[in-house]
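What follows is each chain in one-letter form.
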Amino acid sequence: MVPLLYWTVQQDILQAGVEAQTLTVWRQCDSYGLPRLIYINKMDRHDANIDMCIKSIREKLEVDPVCLQFPVKDMEGKLKGVVDLINLDVIYWDIANKGKRYIRQKLTEKDHGQTWEKAVNARNDLTDVLSGHDDKLADVIINSNSMDDIAPSSLTEAVKRTTLALKTFPVICGSSYKNVGVQTLMDSIVDFLPSPSERNEYYNCFGDNLSAKAFKVQHDDRKGVLTFFRIYTGKLKKGQKIFNINKEISEQGNSLYIPYADEYESTTEILNGNVAVISDLKATMTGDTITSSQSIASNAKENLMKKLSNPENLQLPPHTLNKISSDPEESASTILGIGTIVPEPVFLCSIEPPSLSYQTALDKALLELQREDSSLRVTNNTDTGQTVLSGMGELHLDIIKERIRSEYKIEVELGPLQIAYKETINSSSKLTHVLENKIGNSKQFVKITLSAYPSEVTNMKSILKLDNNKENASNLSMMRQRQLNSIKLGIESALINGPNMGCPMVNIGVTIHWLEVGRGTSDTFISAATTQCLRKIFAECESSLLEPVMFVEIVCPEDYSNGIITDLTKRRSVVNQICMRGHNKVIETLTPLSELMGYSSYIRCLSSGRATFTMEFHSNQEMSQIDQEKAIANIRGF
């Protein structure tokens, strides 16, 4: 899916230069190909040193920073303002007025002495660095008498061009706490970072029609459900009917707002490049793409498919380019985020309210949180009567817990964290099951023959197949659509709990060979017969436990790589690839999730905070007998 961000502003902490968290975010931006602007904060501190920060950026991030400002302090070391190197101005903020007002003065040799001399030298260095990356600026310098004659507009344009090309990264400074440099930061974002129209090439397939993506769903006590959109093309009007491309449905919102932090301004129309908020949408969730109508969506997809004949011309970020397939239709859906599948949760735990009187409020809170977060799953365990939360990680479930406590004022408690294991069958089996009962004056009768076998099919729609054998085909041809739907519901119910540990069943195919249904038999009775038949089949088949295996990418300095690799081998990891990225080593592995519990803290200790890692679900893989016995003992407690 194409990221919602057009650019990022990196904030550096002064005392230690580039810190571990800055490295983590920077590497993520690299994967999405995002232009960046670096803001050095806390320049009001006495130990603030912008030269040290520039050196740290160059060494640790391995990029070419271009410093556009430097701080100005008084005799006591207090921050007064900053020098703008492009315009050779000094900007002073009114600290007494909390930095709301500022004045700009032209630097002169007579009035500013050493500051002017330092600024001229720094501006010449800036011009020299930019000319090495930008041919247009180099031509301007050749045609000029001296560096001092370069117009500010030429430098501004050169900074923007090299920033968009990811060749240089502008650096500005200030003190956010005292509102010094905030206005110039906003100006720099406008001057040097791309506007939405410069980063929306893949959404140009919509032309002037509306295209927008939902990136957040929030519940407001007064305004109800609020859905936040980034508008890529066209415009959004109040009360406009929208078409959800992902869910292929149309719906109509109520009010239209412009968000300002936690305040909302009602409006009638919002243009592209802005963030819009629509209230009272029923089906749209995070990640959904909307437009005006189904016909516009179809035309846009066809236009994009034509452009994808050469995807490199679209200048897609590496993260998206890696997901482009040979099928143009599938690639177009990937880029537009259509049919995006949220990975199955890998962690689960029980959640309990402080008393039964809070159960209704907790159910409502969980329903709202599921709407806001599509990766959160809530189920009810029929055996224990517990509510079970399933999520993507330890931190994910902790955040849900804290949100329920802080936003809904319910002091919930989470049970022990467990791995979301799966079960599968290793052999095939066929069984005929007869279920009959008399309910009142109505006799319920179902005779069904099913077979189950190992399969790689993951889509529920493709799990069930009909037997094409001549003897059975005539019988199955009499089956009605509602009966087929009932059988599918029965299959879904049977797959919820496996025969060994009660874990969900996966990688299974089912074939129906025969079906007899008595007159007046209800659809639920057919579903029940299907479920009972499959559970008997699963009990006869050989089965095994599957554990989630994660794709893990670790980026660390070369000095720490040997210790990290040694530790990974102890965690049953399979190392796929080790390569260099600049001065860092990149280690790609497949590691069982059970071996990664608490790994974030451990790898920080192992690398003195210098290593970062990301992981995503790869597959469910069969466990060895020894590992399976350990997992069962951990789940059962004996």
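What counts, and where the lines are drawn
- Residues numbered from 1 in each chain as written.
- Predicted model: local features only at pLDDT ≥ 70, side-chain atom pairs only at ≥ 80, totals over all residues.
- Heavy atoms only, no water.
- Disulfide = S-S within 2.5 Å.
- Buried < 20%, exposed > 50% of the residue type's maximum accessible area, 1.4 Å probe, protein only.
- Pairing = 2+ DSSP bridges.
- Helix = DSSP H or I, 4+ residues; strand = E, 2+ residues; numbered from the N terminus.
- 1 Å grid on protein atoms, 1.4 Å probe; cavity = no way out; pocket = protein on both sides within 12 Å on 5 of 7 lines; lining within 4 Å.
- Points joined across faces, edges and corners; volume = space filled by probe spheres on them.
- Nonpolar A, V, L, I, M, F, W, Y, C, P; charged D, E, K, R; others polar.
- Axes fitted to C-alpha atoms, helices over the stretch in contact; angles between N-to-C directions.
- Parallel < 35°, antiparallel > 145°, perpendicular 65-115°, else oblique.
- Contact = heavy atoms within 4.5 Å.
- Core = buried A, V, L, I, M, F, W, Y, C linked by side-chain atoms within 4.5 Å.
- Polar contact = N/O pair within 3.5 Å; in protein donor to acceptor, adjacent residues only side chain to side chain.
- Phe/Tyr/Trp six-rings, centres within 6.5 Å; stacked < 30°, edge-to-face > 60°.
- Lys NZ or Arg CZ within 6 Å of the ring centre and 35° of its normal.

Overview of the state of the cysteines
(1) Moving on: A complete count under the given rule lists zero disulfides for this structure.
(2) Moving on: In this structure cysteine 349 is not part of a disulfide, and its nearest cysteine sulfur, from cysteine 503, lies 15 Å away.
(3) Moving on: For the unlinked cysteine cysteine 556, the closest cysteine sulfur is that of cysteine 579, found at 11 Å.
(4) Moving on: Given a relative accessible area of 0%, cysteine 556 falls into the buried group.

Brief notes about the pairing of strand β15 (residues 263–266)
In the case of a regular strand, side chains alternate between the two sheet surfaces.
(1) Moving on: Sheet topology note: the strand β14 (residues 256–260)/β15 ladder contains four bridges and is antiparallel. Pairing of tyrosine 257 across the sheet is with serine 266, part of β15.
(2) Moving on: Counting the residues in the hairpin turn of β14 and β15 gives two residues, including alanine 261, whose phi is positive at 55 degrees.

Digging into empty space enclosed by the protein
(1) Moving on: A complete count under the given rule lists one cavity of 30 Å³ or more for this structure.
(2) Moving on: For the largest cavity, the calculated volume is near 50 Å³.
(3) Moving on: Lining the largest cavity are Lys237, Lys238, Gly239, Gln240, Gly253, Asn254, Ser255, Leu256 and Ile278.
(4) Moving on: Partitioning the lining of the largest cavity into residue classes produces two nonpolar, five polar and two charged.

Topic: the packing of helix α4 (residues 114–131) against helix α5 (residues 135–142)
(1) Moving on: Between α4 and α5, the least distance of the axes is 8 Å, while the angle of their chain directions is 125 degrees. Regarding the angle of α4 to α5, the classification is oblique. Each of Thr127, Leu130 and Ser131 in α4 lies in contact with α5, whose residues at this interface are Leu137, Ala138 and Ile141.
(2) Moving on: Per-class residue counts for the contact of α4 with α5 are four nonpolar, two polar and no charged.

Observations regarding the sheet that holds strand β10 (residues 224–233)
(1) Moving on: What the eight strands build is an open sheet, ordered β13-β12-β18-β9-β10-β17-β14-β15; its pairing is antiparallel. Two strands lie at the open edges of the sheet, namely β13 (249–252) and β15, each paired on one side alone. The sheet shows a mean angle of 40 degrees between the axes of neighbouring strands, direction not considered.
(2) Moving on: Sheet topology note: the β10/strand β17 (residues 275–279) ladder contains five bridges and is antiparallel. Residue phenylalanine 228 lies in a different strand from β17, and its bridge partner there is valine 277.
(3) Moving on: On the sheet, helix α11 (residues 359–372) packs against β9 (211–220) and β10 and is oriented at approximately 160 degrees with respect to β9.

Quick look at the nonpolar core
(1) Moving on: Residues Leu389, Ile404, Leu545, Ile554 and Ile564 are the most contacted members of the largest nonpolar core, which totals 35 residues.
(2) Moving on: Listed by contribution, the elements that provide at least two residues to this core are β19 (347–352), α11, α12 (394–407), β29 (543–557), α16 (558–570), α17 (599–607) and α18 (625–636).
(3) Moving on: With five residues, β29 is the largest single contributor of residues to this core.
(4) Moving on: Not counting residues within four places of it along the chain, the set of residues in contact with isoleucine 404 comprises Ile351, Leu362, Leu366, Leu369, Lys409, Ile410 and Val412.
(5) Moving on: Counting 29 residues, the second largest nonpolar core, distinct from the first, contains Ala494, Leu495, Met505 and Ile537.

Some details on unusual backbone geometry
(1) Moving on: Even without glycine at this site, glutamate 62 takes up a positive phi of about 55 degrees.
(2) Moving on: Inspection of the secondary structure assignment puts glutamate 62 in the loop between α2 (50–61) and β3 (65–67).
(3) Moving on: For lysine 409, which is not a glycine, the phi torsion comes out positive at approximately 60 degrees.
(4) Moving on: Tracing the chain through its elements places lysine 409 in the loop between α12 and β22 (413–414).

Looking at the side chain of asparagine 584
(1) Moving on: As for its placement among the helices and strands, asparagine 584 is situated in strand β31 (residues 584–592).
(2) Moving on: Overall, asparagine 584 belongs to the buried group, its relative accessible area being 12%.

Points about the sheet that holds strand β26 (residues 442–454)
(1) Moving on: Ordered in space as β25-β26-β28-β27, the four strands form an open sheet in which the pairing is mixed. A single partner strand is all that each edge strand has here, and the edge strands are β25 (429–439) and β27 (464–466). Averaged over neighbouring strand pairs, the angle between their axes works out to 30 degrees when direction is ignored.
(2) Moving on: Pairing of β25 with β26, which is carried by 11 bridges, proceeds in the antiparallel orientation. Looking at β26, one finds that lysine 430 is bridged to serine 451.

Here we look at the side chain of serine 573
(1) Moving on: Summarising the element assignment, serine 573 is placed in the loop between α16 and β30 (574–581).
(2) Moving on: Here the side chain of serine 573 touches leucine 568 through a polar contact of 3.0 Å, landing on its backbone oxygen.
(3) Moving on: Excluding residues within four positions of it along the chain, serine 573 makes contact with Leu568, Thr589, Leu590 and Thr591.

Quick notes on the packing of aromatic side chains
The geometry of an aromatic ring pair comes down to the distance between the two centres and the angle between the two planes.
(1) Moving on: All told, the structure shown has eight aromatic pairs when counted by the stated rule.
(2) Moving on: Seen in terms of ring centroids, tyrosine 203 and phenylalanine 206 are 6.2 Å apart; in terms of plane orientation they differ by 15 degrees. Their pairing is stacked. Phenylalanine 206 matches tyrosine 203 in its accessibility class, with the two residues each being buried.
(3) Moving on: An aromatic cluster of three or more residues is present, and its members are Phe215, Phe228, Tyr257 and Tyr264.
(4) Moving on: The ring of phenylalanine 70 has lysine 118 sitting right over it, with the charged end atom 4.5 Å from the ring centre.
(5) Moving on: Taking NZ or CZ as reference, lysine 216 lies 5.1 Å from the ring centre of phenylalanine 228, over its face.

These values are about where atoms sit, not about what they do.
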